[in-house]
Protein chains: 2
Amino acid sequence: MSTRREVWVAVCLVLLLAPTSPWAQTDPLPSWNDGPAKQSIVAFVQKVTDRAGPGFVPPEQRIATFDNDGTLWSEQPIYFQFAFALARVKTLAPKHPEWKTQQPFKAVLDSDMKALAASGEKGMIQLLIATHTGMTTDEFTKTVVDWMATAQHPRFKRPYTELVYQPMLELLAHLRANGFKTYIVSGGTVEFMRPWTERVYGIPPEQVVGTSFVTTYKLGPNGQPSLFRQPKIDFVDDGPGKPVNIQKFIGRRPVLAFGNSDGDQQMLQWTAAGEGARFMGIVHHTDATREWAYDRQSHIGRLDKALDEAKARGWTIVDMKADWKKIFAFE
Amino acid sequence: MSTRREVWVAVCLVLLLAPTSPWAQTDPLPSWNDGPAKQSIVAFVQKVTDRAGPGFVPPEQRIATFDNDGTLWSEQPIYFQFAFALARVKTLAPKHPEWKTQQPFKAVLDSDMKALAASGEKGMIQLLIATHTGMTTDEFTKTVVDWMATAQHPRFKRPYTELVYQPMLELLAHLRANGFKTYIVSGGTVEFMRPWTERVYGIPPEQVVGTSFVTTYKLGPNGQPSLFRQPKIDFVDDGPGKPVNIQKFIGRRPVLAFGNSDGDQQMLQWTAAGEGARFMGIVHHTDATREWAYDRQSHIGRLDKALDEAKARGWTIVDMKADWKKIFAFE
């Protein structure tokens, strides 16, 4: 008898003799209130996994894509990746004396949020390039890991990775338990997310799609190869870029997609246009007490056109205040 | 007792009572002769899966990347994707009267291989763009599926998908059985491969990386979205582009990589430069009788610098003639 077989005997005995069956019915979404959003999720998962029903989706086609900022974790008062960029500017400033007089860097060093805002999207890209490129991929990963281990969110005084939504973690786990492959498809840059998504969301690096910088392959003096991050954006994974990247990276159309802003509208449209059972979800930020409340007028995570389309087409709109018993695990 | 539990009882009984244990020792690589190449593969897989040993690699890090043309299937007398492009030119010619006088199209329509060769890489790209772009992704996929179902290889008079290497299919399966995630990383275009890689190699679309064309998201008159293939190359997944794309798509360094040409050299270098157990393999085409014999002087799949590096660094070189009992399943 092989060792493997002995292990199986043990596993089988445990499964058969356990006083409480591990398959007892338990609620897979305990942080969701029993409203229409939760019901639509539960019904959808039942439908696509019911082999005998008309909505059955073969497991290999169960692709679920999630926006990250504002959908899986918070994005206020500024995108967390942007908080990382600002911290990096301060860390790197001693090596860049010119930043003392050069915008948008001066604004960051002076903590002058008004001047920073005035630098607009161009300023934001300058900050991203100054802090996210000019090093190898391994070096960049290390700066992300180090920052995540120590940085704290200004309002909650906790690591940023604790600002993930507990109900969404339950949804990700419920989908995976039902044969789904869960992906992140984010406007954030991919290598800012990959170092921690497996630990925090259970989503491995190869299932994270995002905005990217050009990288080039180099051989060092001893023939040691590296990938160098160039100061040039490769692709912006936002708006119409999301379905483009889903096709490029995954090569299958999702059957479920979740977003929270107009930047997710095309991903939701693309998902909706497929054949068979579909699920389109939007996280609506409605809880100023426990999190934040914002939509049509917000500069961050603006939800306007996608909200109209969601209402018109009957997509699932998650009302954070009403639908979520708990927002963060630490509550 | 739940239905699921009953199923488990049945499964367990079958496993425990089966007269032949499904885990009896069988050779996972029956088409490989028992030479140094096979031994190096078997030893590597044992090493990375031995939890107590120094070479153990956690399952989530077991990433294996394979070139496609010349590594998983044949690439002579011309790349199979190029055979598809030539066939498409002939099919599309009635809609393009100008091709009768325009190179490289005239050469294709006249079956003038000399003039076609003279058009060089520029001509090849023109043919690719004319046949692979200017339609939606769904439309392109259909042309690939239709062609694959009917086209025959000129020498073997069989569908191209039968020209996959049986020993490599066994290697892919052996790796997956040992917790590896198997990827294709090919110079061929990604959407030419994805429609059939799951059926032929057991590799799903989301694990296929390749050269890509720019695509754009469009809404039709009824709001129906599509992804349109533009006549512009997005990224060439060859040579130094392979490690770049591995990082972009997978975000982890492979622990095993297999190629057959100088276009795979950087992928093999990048794999070799990681920490811990590593496997770098090259398929050397040495069997003119059963397949083809070519290396340093070949225009297709040239293997010159990578062969030197493989020899100098002790990478595994698979001698098709000596190492493979069987090349194709139909032999």
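Counting restarts for each chain, with residues numbered from 1 along the sequence as it is written. Chains and ligands are labelled sequentially in the order written, the chains with letters from A and the ligands with numbers from 1. Reporting in this predicted model follows two pLDDT cut-offs: at least 70 for local features of residues, and 80 or more for side-chain atom pairs to be given and counted; totals over whole chains, interfaces and linings ignore these cut-offs and use all residues. Remark: hydrogens and water are excluded; side-chain values derive from all non-hydrogen atoms of the structure.

**Considering the overall build of chain A**
Where we set the bar: Secondary structure elements are taken from DSSP: a helix is a run of H or I of four residues or more, a strand is a run of E of two residues or more, and numbering for both begins at the N terminus. Here the radius of gyration uses the C-alpha set of atoms, whereas the globule reference equals 2.2 Å times the residue count to the power 0.38. Whether a residue is buried, partly exposed or exposed follows from its accessible area with a 1.4 Å probe, protein chains only, as a fraction of its type maximum: under 20%, in between, or over 50%, in that order. Residue contacts are counted whenever heavy atoms from the two residues lie within 4.5 Å of one another. With residues, only the protein chains shown are counted as cover, and all accessible areas are computed by Shrake-Rupley using a 1.4 Å probe.
Along chain A, the regular secondary structure elements total 13 helices and 8 strands. For 331 residues, the compact-globule formula gives about 20 Å, and the C-alpha radius of gyration of chain A, at 22 Å, lands near that figure. Considering chain A as a whole, with its 331 residues, one finds that 53% of them fall into the buried category. Here the analysis covers contacts within chain A between residues at least 6 apart in sequence; of these, 65% occur between residues at least 24 apart. Entry remark: accessible area of chain A is about 14,500 Å², with carbon and sulfur atoms responsible for 55%.

**Some remarks on the packing of helix 3 (residues 80–92) of chain B against helix 7 (residues 137–150) of chain B**
All names here are of chain B. We apply this condition: Axis geometry follows a simple rule: fit a line to the C-alpha atoms, using only the stretch in contact for helices, then measure angles between N-to-C directions, giving values from 0 to 180 degrees. Roughly parallel here means an angle under 35 degrees, roughly antiparallel means over 145, roughly perpendicular means 65 to 115, and every remaining angle is called oblique.
Interaxial distance between helix 3 and helix 7 falls to 11 Å at its minimum, and their mutual angle equals 105°. Classified by the angle between their axes, helix 3 and helix 7 sit roughly perpendicular to one another. Along its contact with helix 3, which presents Phe 80, Ala 83, Phe 84, Ala 87 and Arg 88, the element helix 7 presents Phe 140, Thr 143, Val 144 and Trp 147.

**Some remarks on the pairing of strand 5 (residues 256–259) of chain A**
Successive residues of a regular strand alternate their side chains across the two faces of the sheet. All names here are of chain A. As a reminder of what qualifies: Any two strands with at least two DSSP-identified bridges between them are counted as paired. Whether a crossover is right-handed comes down to one check: with the strands pointing away from the viewer, does the path from the first strand over the helix to the second run clockwise; if it does, it is right-handed.
Covered by surrounding structure in strand 5 are Leu 256 and Phe 258 together with Ala 257 and Gly 259, the residues of both alternating faces. Summarising the sheet, strand 1 (residues 63–66) and strand 5 pair through 3 bridges and their orientation is parallel. Note that in strand 5 the partner of Ala 64 across the bridge is Leu 256. Read from strand 5 through helix 11 (residues 265–272) to strand 6 (residues 279–286), the crossover connection turns out right-handed.

**What about the side chain of Asp237(A)?**
Residues and elements named next belong to chain A. Rules: When charges are counted, Lys and Arg contribute as positive and Asp and Glu as negative, whereas His and the chain ends are disregarded. Salt bridge criterion: a side-chain nitrogen from Lys or Arg within 4 Å of a carboxyl oxygen from Asp or Glu. N or O atoms within 3.5 Å of each other form a polar contact, as long as, within protein, one can give a hydrogen and the other can take it, and as long as residues adjacent in sequence are counted only when both atoms are side-chain atoms.
Positionally, Asp 237 belongs in the loop between strand 4 (225–235) and helix 10 (241–249). Salt bridges are absent for the buried Asp 237, whose nearest opposite-charge side chain, Lys 242, sits at 5.2 Å. Within polar-contact distance, the side chain of Asp 237 engages the backbone nitrogen of Ser 186 at 3.1 Å.

**Regarding the environment of Val200(B)**
All names here are of chain B. Inspection of the secondary structure puts Val 200 in helix 9 (residues 190–201). Between the C-alpha atom of Val 200 and that of Glu 162, which follows or precedes it by 38 residues, the distance is 8.5 Å. Leave out the neighbours within four places in its chain, and Val 200 touches Thr 161, Val 164 and Leu 169.

**As for the pattern of salt bridges**
Two side chains with opposite charge may pair up if their charged atoms get near one another. One pass over the structure, following the stated rule, counts 34 salt bridges over all chains. For Glu206(A), the salt bridge is made with Lys181(B), and the minimal N-O distance between the two is 2.9 Å. One end of the pair, Glu206(A), is in the loop between helix 9 (190–201) and strand 3 (208–219); the other, Lys181(B), is in strand 2 (residues 181–189), on a second chain. Residues Lys38(B) and Asp27(B) are paired through a salt bridge, measuring 2.7 Å at the closest nitrogen-oxygen approach. Taken together, the residues Lys38(B) in helix 2 (residues 36–49) and Asp27(B) in the loop between helix 1 (3–17) and helix 2 connect sequence positions 11 residues apart. Given a relative accessible area of 8%, Lys38(B) falls into the buried group. Its relative accessible area of 41% is what places Asp27(B) among the partly exposed residues. Within the structure, one salt-bridge network assembled from shared partners comprises Lys181(A), Arg252(A), Glu198(B) and Glu206(B).

**Some details on helix 2 (residues 36–49) of chain A**
Residue and element names in this part refer to chain A. What counts here: By definition here, a helix of n residues has an expected span of 1.5 Å times n minus one. When we speak of the arc, we mean the arc of directions from the helix axis to the C-beta atoms.
Between the first and last C-alpha of helix 2 there are 20 Å, a value that for 14 residues agrees with the 20 Å anticipated at 1.5 Å per step. For helix 2, every residue scored as buried is listed here: Ala 37, Lys 38, Ile 41, Phe 44, Val 45 and Val 48. The buried side chains of helix 2 occupy one side of the element, clustering within an arc of 130° when seen end-on. Within helix 2, the exposed residues directed more than 90 degrees away from the buried face are Pro 36 and Gln 46.

**Observations regarding the side chain of Glu309(A)**
Residues and elements named next belong to chain A. One can find Glu 309 in helix 12 (residues 305–313). Judged by its relative accessible area of 15%, Glu 309 is buried. A polar side-chain atom of Glu 309 sits 2.7 Å from a polar atom in the side chain of Gln 265. Sequence-distant contacts of Glu 309, defined by excluding residues within four places in its chain, comprise Gln 265, Gln 269 and Trp 315.

**A closer look at helix 7 (residues 137–150) of chain A**
Residues and elements named next belong to chain A. Across its 14 residues, helix 7 extends 21 Å between first and last C-alpha, which sits within 8% of the 20 Å expected from 1.5 Å per residue. Among all positions in helix 7, only Thr 137, Phe 140, Thr 143, Val 144, Trp 147 and Met 148 are buried. Projected down its long axis, helix 7 carries its buried residues within an arc of 125°, all on one side. Structural note: helix 7 exposes Asp 138, Lys 142, Ala 149 and Thr 150 on the side pointing more than 90 degrees away from its buried face.

**Side note on the packing of aromatic side chains**
Residue and element names in this part refer to chain A. Heads up, the rule is: Only Phe, Tyr and Trp rings are paired, with Trp represented by its six-membered ring, and only when their centres lie within 6.5 Å; those with planes under 30 degrees apart are stacked, over 60 edge-to-face, the remainder tilted. Comment: the charge-over-ring label is applied if NZ (Lys) or CZ (Arg) is within 6 Å of the ring centre and within 35 degrees of the ring normal.
All chains considered together, the criterion is met by 45 aromatic pairs over all chains. Through a chain of ring-to-ring contacts, three or more aromatic side chains come together here, namely Trp 73, Phe 80, Phe 84, Phe 140, Trp 147, Tyr 160, Phe 192, Trp 196 and Tyr 201. The ring of Phe 235 carries Lys 248 above its face, with NZ or CZ at 4.8 Å from the centroid. Over the ring of Trp 270 we find Arg 253; its NZ or CZ atom is 3.7 Å from the centre of that ring.

**Here we look at the pairing of strand 6 of chain A**
Residues and elements named next belong to chain A. For strand 6, a buried count of 7 out of 8 residues is recorded, marking the element as mostly surrounded by other parts of the structure. Here strand 5 runs beside strand 6; their pairing, made up of 4 bridges, is parallel. Residue pairing for strand 6: Leu 256 is matched across the bridge by Phe 279. Note: strand 6 against strand 8 (residues 316–319), 4 bridges, orientation parallel. Looking at strand 8, one finds that Val 283 is bridged to Val 318. Note that strand 6 and strand 7 (residues 293–294) share 2 bridges and pair antiparallel. Counted as the bridge partner of Thr 286 is Ala 293 from strand 7. Here strand 6 folds back onto strand 7 in antiparallel fashion, the turn holding 6 residues.

**Concerning the environment of Ala306(B)**
Residues and elements named next belong to chain B. Considering the arrangement of structural elements, one finds Ala 306 in helix 12 (residues 305–313). Through-space distance from the C-alpha of Ala 306 to that of Met 124 is 24 Å; in sequence the pair is 182 residues apart. Ignoring any residue separated from it by four or fewer positions in sequence, one finds Ala 306 in contact with Ser 261, Asp 262, Gln 265 and Ile 282.

**Comments concerning the confidence of the model for chain A**
All names here are of chain A. Formally: Known as pLDDT, the predictor's per-residue confidence is scaled from 0 to 100.
Mean pLDDT over chain A works out to 94, with 92% of the residues at or above the 70 mark. When the criterion is pLDDT under 50, residues 19–23 qualifies, and its contacts beyond four places in sequence or with other chains add up to 6 contacts. The complex prediction reports pTM at 0.92, with the ipTM value standing at 0.91.

**A short note on unusual backbone geometry**
Peptide bonds are trans in most cases, and residues, glycine excluded, mostly fall at negative phi. Here the amide bond leading from Gln76(B) into Pro77(B) is cis, since omega sits at -5°, within 30 degrees of zero. Within the fold, Pro77(B) resides in the loop between strand 1 (63–66) and helix 3. With an omega of 0°, the peptide bond between Gln103(B) and Pro104(B) qualifies as cis. Assignment of secondary structure puts Pro104(B) in the loop between helix 3 and helix 4 (105–109). One non-glycine residue with positive phi stands out, namely Lys157(A), at about 50°.

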